[in-house]
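Next come the chains, spelled out residue by residue.
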Amino acid sequence: TCTDGEFQRRTRPCLQYQIKRCPGPCVLSVDRAYYGEQVESVALFLDGRHDELTRDRKTRMTRAALAMEYELAAVYRDQLRAIEHVRVDQRIVTKDLADRDVVGMFRQDDRVEIALVPVRNGRVSDVLCVSLKRVEIPDAEVLAGFITQHYGRFVGDDAETLVPVPREILLPLEPEAVDGVAAWLSERAGYRVMLLSPKRGAKCKLVRLAADQARHAYHEKRRVSDDMQERLVAMQQLLRLAHPPKRIECCDISHLGGGDTSGAIVAMLDGELDKKRYRSFHVKGSSEKAGASTQVNDDYASMYEVLSRRFRRAVESDGEAPQGWELPDLFVVDGGRGQLGVALVAANDLALHDLPIVALAKERESSLGEELVDRVYLPGQKNPILIKGHLASLGLLCRLRDEAHRFSNRAREIRGTRRRLASRLDDVKGLGARTKMALLRHFGEVEAIFAASDAELLAVKGIRLQHVTAIRASVKAPPTF
């Protein structure tokens, strides 16, 4: 489950190793043959070759039991049970064991849903559903475009492994330029790939099964979309908005003891998180506009600075916001009446008088011991709206607030890590990474570099006069040449 970065930075085994779900190859000396066996088993499982994997696990379990390695035999036994549990949910659709992909399509108006059903060893291993909007081209062109895009992409983040191509792909109709598409797939796969549009028989039933999957996915997504629209309409009425808030943004401030103060703005589009619009800000200081002190850890001043910078991007360039910085239909700040007041001041200072802004306060206990649940504060309204009675609609704001809290904490942690690992050499303009490394290897520490004479600096391989000049300028000391 580790990313490449975590794998490289790991210094001791993690929890996955402790609960025996990982052999810890990041830091431990793992037997190469055993590790290769695990990787091969995972590949068989993901490829849907469960019969082959089951036979292999049974053989290994028996062998381990005969050798009285009962703990290892128990591991193989548990793996067999997990494989069988997955196979229970799989549907046998063909008697032959050929690997093929089946494509189904459902179209209504300008919306198209495509379902790709991989069949491995006669079983349906998974279903991929893709939604296409505002489609105006014929079905044959839609299919051709889907095939070239799907089989031309890479697997996950791997920039070398392409999506595997089976020898047979069943389609509801012939795609445009079917011969050319088949030739391209064959060249890409290294063997002949057939594109078939069966009209009867077992293969035709598979295509109808895929079409049913596409139809079901389409109606399910429409149902979810319609439900979300109802929730947004209810939010509009509760918050007295001009129209349902299609796009919502939320701001949160995070700091650690007044240091590394960072702000974050997260976005939601049609009730779903829109991570392309996430923004993080390094808080530089406070502003007198917020009516607060000049301490960096002043939440009001920090929020004013972050919101001013965000709103300013929306009104620059003669009132036209750059792409990605357009104003949302609703802006939410994490906090109570005070934070709401700061947000209104920041918006009014930039003449954004019509931007709907609300504040969302966390659940807490008052000084009198009263339980204060999550609540929304509106401008000009004394009593807040309690989330508890409107979870279906206003619960979306809680989800967005929690995401803003997570994202701001992450931004603050990254800033703190960079500050702790920063070096005085980073402030010297003109020094590249290799030059810094050469200096550190020669002198051993940063202070020795700044204390060295010009001749000593020039004696280091790769150091030139401009480097020495930059080092002296960074401490406001003129060169001694």
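Counting restarts for each chain: residues are numbered from 1 in the order of the written sequence. Totals for whole chains, interfaces and linings use every residue, but because this is a predicted model, local features are given only for residues with pLDDT of at least 70 and side-chain atom pairs only at 80 or more, for both listing and counting. To obtain the side-chain values, all non-hydrogen atoms of the structure were included, while hydrogens and water were left out.

A.B. asks: I'd like a description of the pattern of salt bridges, backed by residues and values.
C.D. replies: The salt bridge criterion pairs a side-chain nitrogen of Lys or Arg with a carboxyl oxygen of Asp or Glu, the two atoms within 4 Å. Scanning the model with the defined rule gives 22 salt bridges in all. Taking the shortest distance from any N to any O, the salt bridge between R57 and E37 comes out at 3.7 Å. Placement of R57 in helix α4 (residues 50-66) and of E37 in helix α3 (residues 32-46) is noted, with a sequence separation of 20 residues between them. Each member of the pair, R57 as well as E37, carries the same accessibility label: buried. D56 is the partner of R57 in a salt bridge, and the nearest nitrogen-oxygen pair spans 2.7 Å. The buried label applies to any residue whose accessible area, calculated with a 1.4 Å probe on protein chains only, is under 20% of its type's maximum; exposed applies above 50%, and partly exposed to all values in between. A relative accessible area of 1% means that R57 is categorised as buried. Helix and strand labels come from DSSP, where a helix needs a run of H or I of at least four residues and a strand needs a run of E of at least two; each type is numbered from the N terminus.

A.B. asks: Mind laying out helix α9 (residues 299-315), listing which residues take part and the relevant values?
C.D. replies: A helix is expected to span 1.5 Å multiplied by its residue count minus one. Across its 17 residues, α9 extends 24 Å between first and last C-alpha, which sits within 8% of the 24 Å expected from 1.5 Å per residue. The set of residues buried in α9 consists of A301, S302, M303, Y304, E305, V306, L307, S308, R310, F311 and A314. In this fold, the buried residues of α9 make contact with β7 (247-256), β8 (259-269), β10 (279-282), β11 (330-334) and α10 (337-349). Should any heavy atoms of two residues lie within 4.5 Å, those residues are considered in contact.

A.B. asks: Break down the packing of aromatic side chains for me, citing the residues and quoting the values.
C.D. replies: Any pair of Phe, Tyr and Trp rings, taking the six-membered ring for Trp, is counted once the centres come within 6.5 Å. Such a pair is stacked with planes under 30 degrees apart, edge-to-face with planes over 60 apart, and tilted for the rest. Under the counting rule described, the total for this entry stands at four aromatic pairs. With 5.1 Å between their ring centres and 65° between their planes, Y278 and F407 make a pair best called edge-to-face. In this pair, Y278 sits in the loop between β9 (272-273) and β10 while F407 sits in helix α11 (residues 391-420), placing the two residues 129 residues apart along the sequence. Judged by relative accessible area, Y278 falls into the buried class, the value being 10%. Where F281 meets W325, the ring centres are 6.4 Å apart and the plane angle is 70°; that geometry is what we call edge-to-face. Placement of F281 in strand β10 and of W325 in the loop between α9 and β11 is noted, with a sequence separation of 44 residues between them. Overall, the relative accessible area of 5% leaves F281 in the buried class. Placement of a positive charge over a ring is assigned whenever Lys NZ or Arg CZ falls within 6 Å of the ring centre and within 35 degrees of the normal to the ring plane. If you follow R313 out to its NZ or CZ, it ends over the ring of W325, 4.4 Å from the centre.

A.B. asks: I'd like a rundown of the state of the cysteines, residues and numbers included.
C.D. replies: Two cysteine sulfur atoms make up a disulfide if the distance between them is within 2.5 Å. If you walk through the whole model with that rule in mind, you get zero disulfides. With no disulfide partner, C250 has as its closest neighbouring cysteine sulfur the one in C251, 7.1 Å distant. Using a relative accessible area of 0% as the deciding quantity, one classes C250 as buried. For C398, which is in no disulfide, the shortest distance to another cysteine sulfur is to C250 and amounts to 9.9 Å. The exposure class assigned to C398 is buried, which follows from its relative accessible area of 10%.

A.B. asks: Give me the lowdown on the pairing of β10, citing residues and values where you can.
C.D. replies: Of the two faces of β10, only the one carrying R279 and F281 is buried; S280 and H282 on the other face are not. Two strands qualify as a pair provided DSSP detects at least 2 bridges between them. Sheet topology note: the β8/β10 ladder contains four bridges and is antiparallel. By the bridge assignment for β10, A264 is matched with S280.

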